[in-house]
Amino acid sequence: MASLSKPGGRRNVDATDRQSQAMLNAAFNLAPQSPKFFTMWKGADGNFMQLNAEQIVAVAQAVGAFVATCFAAEAAAASGINSGAIITRAQVDSAIVVS
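Residues numbered from 1 in each chain as written. Predicted model: local features only at pLDDT ≥ 70, side-chain atom pairs only at ≥ 80, totals over all residues. Heavy atoms only, no water.

1. Focus: the overall build of the protein chain
Then step 1. Counting its regular elements, the protein chain contains three helices and four strands.
Then step 2. N-terminal to C-terminal, the α/β element order of the protein chain is β-β-α-β-β-α-α.
Then step 3. Accessible area of the protein chain: about 6,500 Å², with a carbon and sulfur share of 56%. (Helix = DSSP H or I, 4+ residues; strand = E, 2+ residues; numbered from the N terminus. Areas by Shrake-Rupley, 256 points an atom, 1.4 Å probe, with all protein chains shown as cover.)

What follows is the structure in structure tokens.
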């Protein structure tokens, strides 16, 4: 989950499921079109916040990096399972820890 520094502390901005990624991608593509771009964004915590183009780009980059890290961890775990190096649930859980 991506976070954004806002007055009063960090707020969860976006979930990283495929639908959220698609909506974020649409905003990311619109952001460079206008220097005055902003959007009301519903965060993963259910609250709305106004995000400008710079913030949308930062969130999109953070989400993209997080998702790429998740896929890399999943690929490594799948490889370990297929090779027989990972055989227990605990080993799977250990192999896919992503922060």
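2. Overview of helix α1 (residues 18-30)
Within an α-helix, residues lying three or four positions from one another point in the same direction, as the helix has 3.6 residues per turn.
Then step 1. With 13 residues, α1 should reach 18 Å at 1.5 Å per residue; the first-to-last C-alpha distance of 19 Å fits that figure.
Then step 2. Of all the residues in α1, the buried ones are Ser20, Leu24 and Ala27. Buried positions in α1, seen along its axis, are confined to an arc of 60° and lie on one side of it. Of the exposed residues in α1, those oriented more than 90 degrees away from the buried face are Arg18 and Gln19.
Then step 3. If you check the start of α1, you find a side-chain oxygen 3.1 Å away from the backbone N of Gln19, and it comes from Asp17. (Expected span 1.5 Å × (residues − 1). Buried < 20%, exposed > 50% of the residue type's maximum accessible area, 1.4 Å probe, protein only. Arc of directions from axis to C-beta. Polar contact = N/O pair within 3.5 Å; in protein donor to acceptor, adjacent residues only side chain to side chain.)

3. Focus: the pattern of salt bridges
Then step 1. In this structure the tally under the stated criterion is one salt bridge.
Then step 2. A salt bridge links Asp93 to Arg89, with the nearest nitrogen and oxygen atoms 3.6 Å apart. Placement of the pair is Asp93 and Arg89 together in helix α3 (residues 89-95), with a separation of four residues, close to one helical turn.
Then step 3. Judged by its relative accessible area of 67%, Arg89 is exposed. (Salt bridge = Lys/Arg side-chain N within 4 Å of Asp/Glu carboxyl O.)

4. Description of the nonpolar core
Then step 1. In terms of nonpolar packing, the biggest core is built from 13 residues, with Leu24, Phe37, Trp41 and Ile56 touching the most fellow members.
Then step 2. Among the elements of the structure, α1, β4 (48-52) and α2 (53-83) are those that each provide at least two residues to this core.
Then step 3. Here this core takes six residues from α2, the largest share from any one element.
Then step 4. In this view, Ile56 contacts Leu24, Ala27, Phe28, Ala31, Phe37, Thr39, Trp41 and Leu51; residues no more than four positions away in its chain are not counted. (Core = buried A, V, L, I, M, F, W, Y, C linked by side-chain atoms within 4.5 Å. Contact = heavy atoms within 4.5 Å.)

5. Quick look at the pairing of β4
Then step 1. Here β4 shows one buried face, formed by Met49 and Leu51, and one open face, formed by Phe48, Gln50 and Asn52.
Then step 2. In this structure, strand β3 (residues 38-42) lies alongside β4, joined through five bridges in antiparallel fashion. Across the sheet, residue Thr39 finds its bridge partner in β4, namely Leu51.
Then step 3. Taken together, β3 and the strand that follows it, β4, pair antiparallel across an intervening segment of five residues, in which Gly46 is found at a positive phi of about 90°. (Pairing = 2+ DSSP bridges.)

6. A look at α2
Then step 1. The end-to-end C-alpha distance of α2 is 45 Å, a good match for the 45 Å that 31 residues give at a rise of 1.5 Å each.
Then step 2. Restricting attention to buried positions, one finds in α2 the residues Ala53, Gln55, Ile56, Val59, Ala60, Val63, Val67, Ala73, Ala77 and Gly80.
Then step 3. Among the residues of α2, the N-terminal cap falls to Asn52, whose side-chain oxygen and the backbone nitrogen of Glu54 are separated by 3.1 Å.
Then step 4. Positive phi appears at Gly84, one or two residues downstream of α2, with a value of about 90°.

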